[in-house]
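Descriptive analysis of the structure
One-letter residues, chain by chain:
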Amino acid sequence: MERMQQIVGRARAAFKSGRSRPLEFRIQQLKALERMVQEKEKEILAALKADLNKSGPSAYSQEILGVLRELVTAMEKLPAWAAPQHVKKDLLSIRDEAYINYEPLGVVLVIGAWNYPFVLVMMPLIGAIAAGNAVVVKPSEVSENTAQLVAELLPQYLDKDLYAVVTGGVPETTELLTLRFDHILYTGSSSVGRIVMAAAAKHLTPVTLELGGKSPCYIDKDCDLAVACRRITWGKYMNCGQTCIAPDYILCDPSIQGKVVENIKATLKEFYGEDVKSSPDYERIINKRHFKRILGLLEGQKIAFGGETDEASRFIAPTILTDVSPESKVMEEEIFGPVLPIVTVKSVDEAIEFINLREKPLALYVFSNNKHLIRRVISETSSGGMTANDVIMHSVVPNLPFGGVGHSGMGAYLGKFSFETFSHRRACLIKDLRLEVVNKVRYPPGSMEMMHL
Amino acid sequence: NPYAGLVSHLRASWLSGKTRPMEYRVAQLEALGRFLDDKKQEILEATELDMGKPSFEAFFSEILLCKNELNVTLNNLCNWMKDEHVDKNLVMQLDSAFIRKDPYGVVLIIAPWNYPIHLFLVPLIGAIAAGNCAIIKPSEISKNTERLVAETLGCYLDNDCFAVVTGGVPETTRLLENKFDYIFFTGTSCSPPVGRIIMTAAAKHLTPVTLELGGKNPCYVSDTCDVTNVARRVAWGRFFNAGQTCIAPDYLLCTVEMQEKLMPALREAITEFFGPNPRESPDFGRIVSDKQFKRLRALLGSGRVALGGQTDEAERYIAPTVLADVLPSDPAMQEEVFGPILPIVVIANMDEAIDFINARPRPLAIYAFSCDSKVVNQVLERTSSGGFCGNDTLMHVTLTSLPFGGIGNSGLGKYHGKFTFDTFSHHRGCLHRNMGLETLNTPRYPPYTQQKLGLLTSTFEVKRRGTCTLL
């Protein structure tokens, strides 16, 4: 505990020294991070392989490409983002200076998750540094190789006092959360999200919670099924289904259920070959606990395809379930695995109703050639974000905010939104000390006639 | 759960979608405008009964400022509601990428007693503009205004979507057991720590919150300044609403020489504003309750009473008071004053003032007065606060284009103008892709190859712009 208090205390003292505030310093730190990612690419990929069996190209495109892009964006845009924003003035303030000043919050806590263990600590870290804060990073202990690597690498490249890494599990995180931070960004489950927010409440600390949920995927009868299913297959089974914005389940008319299954089967063969287990591009479940959890979801279900498992290597084959009942276990919790239930609905109205009866998801997907139908689905539902006619991709558009709503989270980040999340927007009005005559209108003794000026 | 029925009724209305069309929102906002027009006299009377609020002040804060917010919102609603299209990269040129402003659902607005109409109405404007349903919980301490709102607001707004709940701490606690999609709270942060209690209750349902709290807003007066103007602007900000303002200058920091110079200027300003006997002025308010009166009276022992100091318990009157030579350890420096008492703490210079401010929790507002703009900028740059005003008090919150909110103990979130609309909307990232051009997606699919990776990288990455060296 003392060790953690010391680490956070050092970060706070370093922040108070003011050295993280000049833009040149922040850009220099971001440059160092960029060097770290480029120089240690091999080590990062090796850690991801050890933790999740991610293949080289897969790990690179999922976890390194995005980070490099975010770094370049932050370094290029920082001067524009950090510049005071002058605002529209009214008659009384016409001779004043009125602007919004972007200021760092102080010491930020970033808690990462295990499914994309590198990118989910790096993206918030980049934004927090860009905004001028000190940062304490707590990578997920479940992806232990990446956590270990992050703990080793960051101090080699960054200012050691301003940016610190704390490793550990639930007890360590609980202790950490008793300390005071000026913002907490947490990626993980809704149940732990509640705990983080309650701990933050004790210090009135603002939070960004990137949580999860069951992201629905509605397939309309009127759409190119082959293309739709290929895109869905990609998003569902990447990282072995362990993606917060993966399409969790499918909603479609019973008449196309069979074709959907056929198309996904065909795509799976195309992606992973005849023997999925020997494909270098197919990942594994993170640990035994999740392996058993996902296995439990298959009980009593109609397995249309897949279902093979191997506990020793934590392998679960890409699996499709058909005619799934809305009340079944697999429809209760976020699957976070390579199991795709299909629930049949008779119309888009039924799909919308089904979605709205449940908690607001992190992502929502709809496939249709009918623009009106897509517009309806967007307008009559709510979700963190959404993509029509594809999956996942809204999260890589540079200027879209990434975040949840309701049980799937609060706040947003990525790109400029990270900078804003980790900054305080301070309202500033600078008046002239002379020109008192303008103020006389507001001083007592007042009369109603004066008010109508 | 006594409020479950009400909340589910509002939630059903929300799910029906009736609050979403722009026409509906405009109609409700216009009705709010009529409420302010029709009930103007009643509002002035109720707030006078509650805390002796002078009509001039009540008109300014409860009517005028509210109508400004309404008009800014009505003038801009169409634009604010529009999808915000964003820049796309090469591969997405045929796609549509935009930010959709979705309402949250059923929101809860809890207001305090000091500006009892303004502090529920301005948040409500944003909540309605953003398409939500809302429950309004006015303060039970300003009981005349509470009754007015409870009895008449329903005549103007759609009762299926907007409701007023009255009561005190027990009722609010029960209300908070329900799930809301957003909670907007204005009130105290300290004793009791209501802000923390609200956020803890919100955490159970993962409900996002805005907390507009308070603190001790320091006011630094440098040695180079126009003493008369400083005294007027500070006195105005301190004694408005008898000091019961979250952004009032809470205490003054200045040198002993400036304290000497300020005293006659402050006396003159007070006399100019309220006459020789402020008790008889229609423009000076009263303390809202006996409890607050007693609390404030106890602060009068701090430092020495240089101006004012008179009190009358029956009227809950405390004269505009200035306390000189107050020590950091004095009672007046231990809590937010929230009354017509201005403690002056003497410091040696600007650096000491800045250190004094930074040693304390970050306040809602910081004020700095100086004819030297460098001094004002120094205070701004070396401190942190919700907002900042140089060479005046309070005024930064009357500009609707500036965000209003706290930091640290003084709050989280912000509102006014478009910021209120944004507070009550979920900004949803949306991408509408083309179903064709599937070949463009091939690089992302397994089986993964270095070649595919190269293609992906080249279409996806952002390259540093090369530095151009001119001769």
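Residues numbered from 1 in each chain as written. Chains lettered and ligands numbered in written order. Predicted model: local features only at pLDDT ≥ 70, side-chain atom pairs only at ≥ 80, totals over all residues. Heavy atoms only, no water.

Our working rule: UniProt positions are given in the numbering used here, feature names are shortened, and annotations may be inferred rather than shown by experiment.
Under an unreviewed UniProt entry, chain B has the name AL3B1 dehydrogenase and belongs to Grantiella picta. Recorded under Sequence similarities (unreviewed entry), the UniProt text for chain B is reproduced unchanged: "Belongs to the aldehyde dehydrogenase family."

The name recorded for chain A in an unreviewed UniProt entry is Aldehyde dehydrogenase family 3 member A2, from Grantiella picta. Listed in UniProt under the heading Sequence similarities (unreviewed entry), the comment for chain A reads: "Belongs to the aldehyde dehydrogenase family." Entered under Subunit (unreviewed entry) in the UniProt record, the comment concerning chain A runs "Homodimer."

**Points about the overall build of chain A**
Where we set the bar: Helix numbers and strand numbers start at the N terminus; a helix is a DSSP run of H or I with at least 4 residues, a strand a run of E with at least 2. The globule rule used for comparison is 2.2 Å times the number of residues to the exponent 0.38, while the radius of gyration itself is calculated over C-alpha atoms. The rule is simple: take the accessible area with a 1.4 Å probe, protein chains only, and divide by the maximum for that residue type; under 20% is buried, over 50% is exposed, in between is partly exposed. Contacts were defined at the residue level, with two residues in contact if any of their heavy atoms lie within 4.5 Å. In this description, accessible areas are obtained by the Shrake-Rupley approach with a 1.4 Å probe, and a residue is regarded as covered only by the protein chains that are shown. Note on charges: Lys and Arg go in the positive column, Asp and Glu in the negative column, and His and the chain ends are not counted at all. Just so you know, the charge point we use is NZ for Lys, CZ for Arg, CG for Asp and CD for Glu.
Counting secondary structure elements, chain A contains 15 helices and 18 strands. Taken over the C-alpha trace, chain A has a radius of gyration of 25 Å; the compact-globule value for 453 residues is 22 Å, and the two agree within 12%. Put simply, chain A has 453 residues, and 64% of those count as buried. Partitioning the intrachain contacts of chain A with sequence separation of at least 6 by distance along the chain shows that 72% fall at a separation of at least 24. If you sum the accessible surface of chain A, you get close to 16,300 Å²; carbon and sulfur atoms cover 54% of it. Separation between the mean location of the 53 positive side-chain charges and that of the 53 negative ones in chain A comes to 4 Å.

**Remarks on the sheet that holds strand β13 (residues 321-324) of chain B**
Which entries qualify depends on this criterion: Pairing between strands is defined by DSSP: at least two bridges between the two strands are required. Interaxial angle, 0 to 180 degrees, is taken between N-to-C directions of lines fitted to C-alpha atoms, where a helix line uses only the stretch in contact.
Taken together, the 10 strands give an open sheet; going across it, the order is β1(A)-β2(A)-β18(A)-β16(B)-β15(B)-β8(B)-β9(B)-β14(B)-β13(B)-β10(B), and neighbouring strands pair in mixed fashion. Of all the strands in the sheet, just β1 (85-86) of chain A together with β10 (304-307) of chain B have a single pairing partner and so form its edges. Across 3 bridges, the pairing between strand β9 (residues 251-254) of chain B and strand β14 (residues 341-346) of chain B is parallel. Bridged to B:Leu252 within β14(B) is B:Ile344. Together, β8 (218-221), β9, β14 and β15 (365-369) of chain B form the strand contacts of helix α12 (residues 350-358) of chain B, whose direction differs from that of β9(B) by roughly 145°.

**Remarks on the interface of chain A and chain B**
Convention followed: Summed over both partners, buried area is the accessible surface (1.4 Å probe) that two parts give up on being assembled. Salt bridges are counted wherever a side-chain nitrogen of Lys or Arg sits within 4 Å of a carboxyl oxygen of Asp or Glu. In the analysis that follows, any N or O atom pair within 3.5 Å is treated as a polar contact, provided that within protein one partner can donate a hydrogen and the other can accept it, and provided that, for residues neighboring in sequence, both atoms belong to side chains. Polar here means any residue outside two lists: the nonpolar Ala, Val, Leu, Ile, Met, Phe, Trp, Tyr, Cys and Pro, and the charged Asp, Glu, Lys and Arg; Gly therefore counts as polar.
Between chain A and chain B, the contact holds 111 residues from the first and 107 residues from the second. If you sort the residues of chain A by the area they bury against chain B, A:Leu204, A:Leu433 and A:Arg442 come out on top, with a joint share of 10%. Along the contact surface separating chain A from chain B lie 9 salt bridges. In this structure, B:Arg232 engages A:Glu436 in a salt bridge whose closest nitrogen and oxygen atoms are separated by 3.7 Å. Our count for the contact surface shared by chain A and chain B stands at 45 residue pairs in polar contact (both at pLDDT 80 or more). Residue classes in the side of chain A that touches chain B are distributed as 51 nonpolar, 31 polar and 29 charged.

**Remarks on the domain arrangement of chain B**
Residue and element names in this part refer to chain B. So the rule is basically this: Delimitation of the domains relies on an automatic or database domain assignment.
Segmenting chain B into domains produces domain 1 (3-214 + 414-426) and domain 2 (218-408). Computed over C-alpha atoms only, the centres of domain 1 and domain 2 are separated by 30 Å. Contact with domain 1, which involves 23 residues of that partner, is made by 25 residues of domain 2. In total, about 2,100 Å² of surface goes out of reach between domain 1 and domain 2, with carbon and sulfur atoms giving 61% of it.

**Some thoughts on unusual backbone geometry**
The omega torsion of the bond from A:Pro444 to A:Pro445 falls at -5°, within 30 degrees of zero and hence cis. Tracing the backbone shows A:Pro445 in the loop between β18 (423-430) and α15 (448-451). With omega at -5°, the peptide bond leading from B:Pro446 into B:Pro447 counts as cis. As for its placement among the helices and strands, B:Pro447 is situated in the loop between β18 (425-432) and α15 (450-460).

**A few points about helix α2 (residues 22-38) of chain B**
Keep this limit in mind: Expected helix span is taken as 1.5 Å per residue step, with the number of steps being one fewer than the number of residues.
For α2(B), built from 17 residues, the straight-helix expectation of 24 Å at 1.5 Å per residue is met to within 8% by its first-to-last C-alpha distance of 24 Å. Buried within α2(B) are the following residues: B:Tyr24, B:Arg25, B:Val26, B:Gln28, B:Leu29, B:Ala31, B:Leu32, B:Gly33, B:Phe35 and B:Leu36.

**Here's the deal with a nonpolar patch on the surface**
Residues and elements named next belong to chain A. For the record, the criterion: Patch definition: residues with relative accessible area over 30% and no salt bridge; like charges joined within 9 Å; nonpolar side chains (Val, Leu, Ile, Met, Phe, Trp, Tyr) joined within 5 Å.
On the surface, a nonpolar cluster with roughly 340 Å² of combined accessible area is contributed by Leu92, Leu435, Val437 and Val438. Summarising the element assignment, Leu92 is placed in the loop between β1 and β2 (97-104). Here Leu92 falls in the partly exposed class, since its relative accessible area comes to 45%.

**Concerning the packing of helix α9 (residues 227-239) of chain B against helix α10 (residues 256-274) of chain B**
All names here are of chain B. Convention followed: Working rule for angles: under 35 degrees goes down as roughly parallel, over 145 as roughly antiparallel, 65 to 115 as roughly perpendicular, anything else as oblique. The handedness criterion is simple: a crossing whose near helix is rotated anticlockwise from the far helix by less than a right angle is left-handed, and one whose near helix is rotated clockwise is right-handed.
For the pair α9 and α10, interaxial distance at closest approach is 8 Å and the crossing angle is 60°. In terms of their interaxial angle, α9 and α10 are classed as oblique. Crossing of α9 over α10 shows right-handed handedness. Residue-level contacts link Val227, Thr228, Val230, Ala231, Arg232, Ala235, Trp236 and Phe239 of α9 to Met258, Lys261, Leu262, Ala265, Leu266, Ala269, Ile270, Glu272, Phe273 and Phe274 of α10.

**Digging into the sheet that holds strand β7 (residues 209-212) of chain B**
The strands making up a sheet associate through backbone hydrogen bonding, with each pair oriented either parallel or antiparallel. Residue and element names in this part refer to chain B. The strand order β5-β4-β3-β6-β7-β17 describes an open sheet built from 6 strands, whose pairing is mixed. Each of the sheet's edge strands pairs with one partner strand only, and the pair in question is β5 (162-164) and β17 (411-412). Here 3 bridges tie strand β4 (residues 133-137) to β5, and the two strands are oriented parallel to one another. Each bridged residue has a counterpart across the sheet, and for Ile135 the counterpart in β5 is Ala163. Along the sheet face, helix α1 (residues 4-16) touches β3 (106-110), β4 and β5 and points at about 150° away from the line of β4.

**Quick word on the UniProt feature "active site" (unreviewed entry) in chain A**
Residues and elements named next belong to chain A. UniProt feature "active site" (unreviewed entry): in the numbering of this structure it lies at Glu210 and Cys244. A maximum C-alpha distance of 9.0 Å is found for the annotated residues, which run over 35 residues; spatially they form one tight group. Counting through the fold element by element, Glu210 comes out in strand β7 (residues 207-210). A residue is classified by how much of its surface remains accessible, and Glu210, at 3% relative accessible area, is buried.

**A closer look at the confidence of the model for chain B**
Residue and element names in this part refer to chain B. Note the threshold: Each residue carries a pLDDT score, the predictor's confidence in it, ranging from 0 to 100.
When pLDDT is averaged along chain B, the result is 95; 98% of the residues meet or exceed 70. Confidence over residues 467-471 falls short of pLDDT 50; this stretch has 0 contacts with residues more than four positions distant or in other chains. Under the prediction, the complex receives an ipTM of 0.95, its pTM being 0.96.

**Re the side chain of A:Thr205**
By secondary structure assignment, the location of A:Thr205 is in the loop between α8 (190-202) and β7. On the basis of relative accessibility, which here comes to 1%, the residue A:Thr205 falls in the buried class. Side-chain polar atoms of A:Thr205 contact the backbone oxygen of A:Phe181, separated by 2.8 Å. Those residues in contact with A:Thr205, other than ones at most four positions away along the chain, are A:Phe181, A:Asp182, A:His183, A:Ile184, A:Ala200, B:Met199 and B:Leu412.

**Looking at the domain arrangement of chain A**
Residues and elements named next belong to chain A. Split into domains, chain A comes out as domain 1 (1-211 + 408-429) and domain 2 (216-396). The gap between the C-alpha centroids of domain 1 and domain 2 is 31 Å. When domain 1 packs against domain 2, the two sides together hide about 1,500 Å² of surface, and 49% of this comes from carbon and sulfur. Linking domain 1 with domain 2 are 0 salt bridges. Counting every contact that joins domain 1 to domain 2 gives 11 residue pairs in polar contact (both at pLDDT 80 or more). Elements that contribute at least two residues to the side of domain 1 that touches domain 2 include exactly α3 (41-52) and α4 (56-82). It is α4 that provides the largest number of residues to the side of domain 1 that touches domain 2, a total of 3 residues. Grouping the amino acids of the side of domain 1 that touches domain 2 by side-chain chemistry returns 6 nonpolar, 7 polar and 3 charged.

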